[in-house]
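Given next are the chains, with one letter for each unit.
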Amino acid sequence: MSLDLAVHEAFVTLTGRDPDSIWRAPGRINLIGEHTDYNDGFVLPFALPQAAYLAAARRDDEVIRITSVDLGEQFEATLGELAPNQDGWHSYLAGVFWVLREAGYPIGGADLALASDVPIGAGLSSSAAIECVLVEALNDLYDLGIAPMDRAKLARRTENAYVGAPTGLMDQAASTLCTQGHALFLDCRSLEVQQVPLDLAAHGQAILVIDTLTRHSHADGEYATRRADCEQASALLGVPALRDVPIEGLDERLATLPDERLVRRARHVVTENQRVLDACAALRADDLARLGELMTASHASMRDDYEITEASVDLAVEVALAAGAAGARMTGGGFGGCVLVLAGQSRLDAIGAAVTAAFVESGRAAPATFVARPAAGAGRLT
Ligand code: ADP
Ligand code: MG
C-alpha cells in the first residue's frame, strides 16, 4: 500500500473520521559541501523521493493524538503538559506543537497519523522529514501563513530545543524548500537560497546512493573536535569564520598556522566551499563531467585533510571510480554512511555490482543501493 493511503487508513482507525488532508515532506542528501555549515559556508542538498506522510485534522481542544504506522505505537498528550528534552519518536512531533506555541502561534490540538519510508539513522534525515511534514500541516490547518524559510527554522528549533539534538538548518531547509529536479544552494550565513537545476536524466546520468551500512560510535566526538579545530583556525587567522578565508593565496595564509592539523582542517573547509560554488556553476553550464570531478575532489579532501572518512566509504568510492563513475564521494557527517556516485545511467548496474563484490570479498555486508532522483520539498498532497 502506498504511504498516503496507509496514513489515511491509520487516521480513520485512530479517529473514526477522515483527515482534513495529507501532507508529505522528504528526506534529503547532500550533493556537495560537507562540514561547511558550521563554518558559515555553503551546502547543496537535494530532496529524495523517500518521504514522511502525515494525515492530519484539527481538534477543538488542546489534545494531540498521534499514531505511528511504522512503529505501531500511539501517543497522546495535552499541549499544556509538553516540556523539552523528552525521549522517543513522538518528541519530534510533540516538539513542533511546543515550538509553535512558544513562538506565539495560535494553535490547538490535532489528530495525526504518520508513516515514512526515509530510512532511520542512515544520514538521510528521517527526523527532519517528520518535523517538516508536521510544520507544513499545522501551517495549513491553522492558517498560520508562515514563510517557507521560517517553517524550516521552526522545524530545526524543534530538534535543537525540544529533542535536544544540536543540528544545523540544512536538513529542514532542504526538506521544506527543495523543488523537483533541483538541488538547493544554501548560504548558511545569510540563509540565501537558490534553486540549482539538477536534471541528470536529461543528460543520461544518474546518482546512485550506496549505503555502506557502516556507522561509527565515535562520530559524535570526532564531530566536536572538528568544530573545535575550525574555531581555533578561524581565531588564529583573524576571521569570524573559515568562510571568510579567500581561496586566493590560501597556502600562504594557512602557512601562518602553528599546527599542520589545523592547516589541513582549514584547507578542507575553504576548498570545499569553493567546490560548492563551482558545482553550482557546473550544473548551470550543464557540465556534469565537472560536477563529477568536484565530487571526487571533495572525497579526497574529506579523506586526506579533514580525516572523516573510513575504510568502507573509501573502498566504495575507489571501486565506483574504477568501474567508470564520473565522480564519487561520501556524503554526510562522516565515519561511514552513504556514498554518492554520479554515472551514466547505463553504467549504474555494473558500478553497483562492482562495489557489492568488493564489499563481500573483503568480508563486509553487501551495501544497500538506490537511485536518488531530485524530488519535491514539503507540501500538501490532497
Ligand atoms: P536521521 O539521520 O534518520 O535523521 P535521527 O537520529 O536524527 O536520524 O532521527 C531518527 C529518529 O526520528 C528516530 O529514532 C525516531 O525517533 C524518529 N523517526 C524517524 N522516522 C520515524 C517514523 N517513520 N516514525 C516514527 N519516528 C520516526
Ligand atoms: Mg536527523
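This text gives an overview of the structure that appears in the document. All values reported here derive from a predicted model rather than from experimental measurement.

## Observations concerning the overall build of the protein
No. 1: When you go through the protein residue by residue, the secondary structure sums to eleven helices and 13 strands.
No. 2: Radius of gyration (C-alpha) of the protein: 21 Å, near the 21 Å computed for a compact globule of 382 residues.
No. 3: Projected onto its principal axes, the C-alpha coordinates of the protein cover approximately 65 × 50 × 40 Å.
No. 4: Across the 382 residues of the protein, 56% fall into the buried class.

## Thoughts on the packing of helix 2 (residues 91–102) against helix 4 (residues 148–163)
No. 1: Two elements in contact, helix 2 and helix 4, have axes whose closest approach is 8 Å; the angle formed by their N-to-C orientations is 105°. Overall, the two elements helix 2 and helix 4 adopt an arrangement that is roughly perpendicular. Only L154, R157, T158, E159, A161, Y162 and V163 of helix 4 make contact with helix 2, whose side of the interface consists of S91, Y92, A94, G95, V96, W98, V99, L100 and E102.
No. 2: Across the contact of helix 2 with helix 4, the residue classes break down as ten nonpolar, three polar and three charged.

## Side note on the site of ligand 1
No. 1: Lining the immediate environment of ligand 1, one finds 16 residues, of which D70, W89, G121, S126 and S127 sit closest.
No. 2: Between G121 and ligand 1, the recorded distance is 2.8 Å, taken from a backbone N or O atom to an oxygen atom.
No. 3: Residue S126 places a side-chain N or O atom 2.6 Å away from an oxygen atom belonging to ligand 1.
No. 4: Within the complex, 78% of the 570 Å² of free accessible area of ligand 1 lies under protein.
No. 5: Where the shell around ligand 1 is concerned, the elements lending two or more residues are strand 6 (110–116) and helix 3 (126–141).
No. 6: In terms of residues, the shell around ligand 1 owes the most to one element, helix 3, which gives three residues.
No. 7: Its residues placed into classes, the shell around ligand 1 shows seven nonpolar, seven polar and two charged.

Calculation criteria
- Residues numbered from 1 in each chain as written.
- Chains lettered and ligands numbered in written order.
- Predicted model: local features only at pLDDT ≥ 70, side-chain atom pairs only at ≥ 80, totals over all residues.
- Heavy atoms only, no water.
- Helix = DSSP H or I, 4+ residues; strand = E, 2+ residues; numbered from the N terminus.
- Rg over C-alpha atoms; globule rule 2.2 N^0.38 Å.
- Buried < 20%, exposed > 50% of the residue type's maximum accessible area, 1.4 Å probe, protein only.
- Axes fitted to C-alpha atoms, helices over the stretch in contact; angles between N-to-C directions.
- Parallel < 35°, antiparallel > 145°, perpendicular 65-115°, else oblique.
- Contact = heavy atoms within 4.5 Å.
- Nonpolar A, V, L, I, M, F, W, Y, C, P; charged D, E, K, R; others polar.
- Near = heavy atom within 4 Å.
- Polar contact = N/O pair within 3.5 Å; in protein donor to acceptor, adjacent residues only side chain to side chain.
- Areas by Shrake-Rupley, 256 points an atom, 1.4 Å probe, with all protein chains shown as cover.

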